[in-house]
Amino acid sequence: MKKLKPDVRIMSSYFSWKDFLVTYFLLSTLTAGQALIYNAYIPGEYLPWQYIFGISGYWIIVSLIYCLVTARQKYNKFDKPMRKLSEAAKQVAEGDFSVYLEPIHKADKKDYVDVMFEDFNKMVEELGSIETLKNDFIANVSHEIKTPLSVIHGYAMALKQDDLPPELRKDYTDTIIFSTNKLATLVVNILKLSKLENQEISPASDPYDLCRQLCDCALYFENAWEEKNIELVVDIGERAIIHADESMMEIVWHNLISNALKFTSPGGTIILRQISDEDTITVMVSDTGCGMDEETMKHIFDKFYQGDPSHHAEGNGLGLALSLRVIELVGGVISVKSELGVGTTFTVQLKVEK
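So, the overall build of the protein chain
Secondary structure summary: the protein chain contains 9 helices and 7 strands in total. Among the 354 residues that make up the protein chain, the fraction classed as buried is 32%. The contacts in the protein chain between residues at least 6 apart in sequence include a share of 72% that link residues at least 24 apart. When the accessible surface of the protein chain is summed, it comes to about 22,700 Å², and 59% of that surface belongs to carbon and sulfur atoms.

Looking at the pairing of strand β7 (residues 343–351)
Of the strand pairs in this sheet, strand β5 (residues 280–287) and β7 are connected by 8 bridges, and their pairing is antiparallel. Residue pairing in the sheet places Asp287 in a bridge with Thr344 of β7. In the sheet, strand β6 (residues 333–339) pairs with β7 via 7 bridges, with the strands oriented antiparallel. For Glu339, the partnering residue across the bridge sits in β7 and is Gly343. The antiparallel pairing of β6 with β7 creates a hairpin that spans 3 residues between the two strands, and Gly341 there sits at a positive phi of about 80 degrees.

A word on the nonpolar core
Grouped together as the largest cluster of nonpolar side chains are 38 residues, with contacts concentrated most on Leu210, Met249, Trp253, Leu256, Phe346, Val348 and Leu350. Of all the elements in the fold, those that place two or more residues in this core are α5 (210–220), α7 (246–263), β4 (269–276), β5, α9 (319–329), β6 and β7. If one sorts the elements of this core by residue count, α7 sits on top with 8 residues. Ignoring anything within four residues of it in the chain, the contact list for Leu256 reads Val285, Leu320, Ile334, Phe346 and Val348. Grouped together as the second largest cluster of nonpolar side chains are 9 residues, Leu85, Val92, Val99 and Val113 included.

So, the sheet that holds β6
The 5 strands are arranged β2-β4-β5-β7-β6 in an open sheet whose pairing can be described as mixed. Each edge of the sheet is formed by a strand with only one pairing partner; in this case those strands are β2 (231–235) and β6. Geometrically, the sheet is characterised by an average inter-axis angle of 10 degrees between neighbouring strands, direction not taken into account. Across the sheet, α5 lies against β2, β4, β5 and β7, angled at about 170 degrees from β4, the strand it touches most. Relative to the sheet, α7 contacts β4, β5, β6 and β7, its axis offset from that of β7 by approximately 165 degrees.

Examining the side chain of Gln274
Among the structural elements, Gln274 can be located in strand β4. Among the polar contacts listed, one links the side chain of Gln274 to the side chain of Ser276, at a separation of 2.6 Å. Discounting residues that sit within four places of it in the chain, Gln274 has contacts with Cys211, Leu214, Asp235, Ile236, Gly237, Ala240, Ile281, Thr282 and Val283.

Notes on a nonpolar patch on the surface
A grouping of Trp17, Leu64 and Leu68 is seen on the molecular surface, where their side chains present a nonpolar patch of about 320 Å² in accessible area. Inspection of the secondary structure puts Leu64 in helix α2 (residues 49–93).

Quick word on the confidence of the model for the protein chain
Considering every residue of the protein chain, the mean pLDDT works out to 79; 77% of them sit at 70 or more. Considering each helix and strand of the protein chain separately, the mean pLDDT is smallest for helix α1 (residues 17–41), with a value of 70, and largest for β5, with 93. Segment residues 309–313: pLDDT under 50, and 8 contacts once partners within four positions in sequence are set aside and those in other chains are kept.

Here's the deal with α9
Most of α9 is tucked away, with 9 of its 11 residues classed as buried. Along α9, the residues classified as buried are Gly319, Leu320, Ala321, Leu322, Ser323, Arg325, Val326, Ile327 and Leu329. Note on α9: the residue one or two positions beyond its end, Gly331, has a positive phi of about 80 degrees.

Points about the environment of Pro103
Relative to the helices and strands, Pro103 resides in the loop between α2 and α3 (112–158). Classification of Pro103 by relative accessible area gives partly exposed; the value is 38%. For the pair Pro103 and Asp114, spaced 11 residues apart in sequence, the C-alpha separation works out to 5.3 Å.

A word on the packing of α7 against α9
Between α7 and α9, the shortest axis-to-axis distance is 9 Å and the interhelical angle comes to 140 degrees. As far as their axial angle goes, α9 and α7 are oblique. In this structure, α7 crosses over α9, and the sense of that crossing is left-handed. Along the contact surface, α7 presents Met248, Met249, Ile251, Val252, Asn255, Leu256 and Asn259, while α9 presents Gly319, Leu320, Leu322, Ser323, Val326, Ile327 and Leu329. Per-class residue counts for the contact of α7 with α9 are 10 nonpolar, 4 polar and no charged.

Some thoughts on α5
Listed in full, the buried residues belonging to α5 are Leu210, Cys211, Gln213, Leu214, Cys217 and Ala218. Angularly, the buried residues of α5 cover 160 degrees about the axis, an arc narrow enough to put them on a single face. With respect to the buried face of α5, the exposed residues turned more than 90 degrees away are Leu219 and Tyr220. Backbone nitrogen of Cys211 and a side-chain oxygen of the N-cap are separated by 3.1 Å at the start of α5; the cap is Asp209.

Cut-offs used in this document
- Every chain's residues receive numbers from 1 upward, in the order its sequence appears when written.
- Local features in this predicted model are restricted to residues whose pLDDT is 70 or higher, and side-chain atom pairs enter the listing and the counts only when it is 80 or higher, whereas totals over whole chains, interfaces and linings include all residues.
- Note: side-chain values were computed over all heavy atoms of the structure, leaving out hydrogens and water.
- Counting from the N terminus, the helices are DSSP H or I runs at least four residues long and the strands are E runs at least two residues long.
- Think of it in three bands: residues with accessible area under 20% of the maximum for their type are buried, residues over 50% are exposed, and the middle band is partly exposed, with areas taken using a 1.4 Å probe on protein chains only.
- We call two residues in contact when some of their heavy atoms are within 4.5 Å.
- The Shrake-Rupley method, run with a 1.4 Å probe sphere, supplies the accessible areas, and residue values consider only the shown protein chains as cover.
- DSSP-based pairing: two strands are paired if at least 2 bridges between them are found.
- The set of buried Ala, Val, Leu, Ile, Met, Phe, Trp, Tyr and Cys residues whose side-chain atoms join them within 4.5 Å is what this entry labels a nonpolar core.
- Simply put, an axis is a line fit to the C-alpha atoms, just over the touching stretch for a helix, and the angle between two N-to-C directions goes from 0 to 180 degrees.
- The definition of a polar contact used here is a pair of N or O atoms within 3.5 Å, where within protein one atom must be able to donate a hydrogen and the other to accept one, and adjacent residues in sequence count solely through side-chain atom pairs.
- Each patch is built from residues that are more than 30% exposed by relative accessible area and take part in no salt bridge. Like charges join if they lie within 9 Å; nonpolar side chains (Val, Leu, Ile, Met, Phe, Trp, Tyr) join within 5 Å.
- The term salt bridge refers to a side-chain nitrogen of Lys or Arg lying within 4 Å of a carboxyl oxygen of Asp or Glu.
- Per residue, pLDDT measures the predictor's confidence, with a range of 0 to 100.
- An angle below 35 degrees is treated as roughly parallel, one above 145 as roughly antiparallel, one from 65 to 115 as roughly perpendicular, and anything else as oblique.
- Two helices that cross are described as forming a left-handed crossing if the nearer one is turned anticlockwise from the farther one by less than a right angle, and a right-handed crossing if clockwise.
- Any residue that is not Ala, Val, Leu, Ile, Met, Phe, Trp, Tyr, Cys, Pro, Asp, Glu, Lys or Arg is counted as polar, Gly included; the first ten are nonpolar and the last four charged.
- The reported arc concerns the directions from the helix axis to the C-beta atoms and nothing else.

In structure tokens:
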């Protein structure tokens, strides 16, 4: 950490002449008790003035030593650590998240200042992590928004040509509509993710039938799987009641099923399976698509990450990040298993409330 510099905002120190005078006055006042004791045995008129002067000088020295000793103790025990903390907080306020405060004492002799330093270091580490995520998020958002805007601008300029054939004009218009829809979906997903990331407690929800919701979500994509001639195998129970926000959970199933449809070639198979036991409800979405390698699986839940560039135009890399956050909020677990050229299985486990 950098050498501590005096902060111009600090207007007082731990030793002052005011403290000294107050201490001297208090200690001198306490000598009245000593004087009364002396007076009980030795009449005041017999006390020499040298004695009185000497006592006054003695208490001046005692007061000065007392003030210096207490000021030193305050400096070592409080002022010095607080100055370190103040300088570190100032660096963090200026955007430096590499600050680290060394503990003052060993682990077996910690006091509240050491604990406060530990908490400060944790806070700075979290802030640094958040700052990195924010910068990456802004960079990714800028890139994702810039691409469809560039497409819209380019094709809109092309539409200004008077001699443009009707077929091309229709193609350009369809491209603009596709790009605006993609941009609108991106903005909606960013807003959803931002809301969910800032939400720590799952909203109050009523129990509902998960099996019915899974069936509804599968039927929502009926046209899509029929167009690609994909076989959809559904293996779910008759009824499974969960306590969660129904609209939030719908985000999860829509994303998992739409991803399976996106990455499964025509003629492939998608399996939607749900099983329950006393403690857990498990939902699995499997496909016979292209699969993923180990590196892709490590980042599959990262915002804006898209492992297969060939499907970049079909999404914006936020669906699984949204799904992960929803599952975290309801206290569940989501995992993925995949093999290149074989397929992928996403598994969601939800606790059963008793």
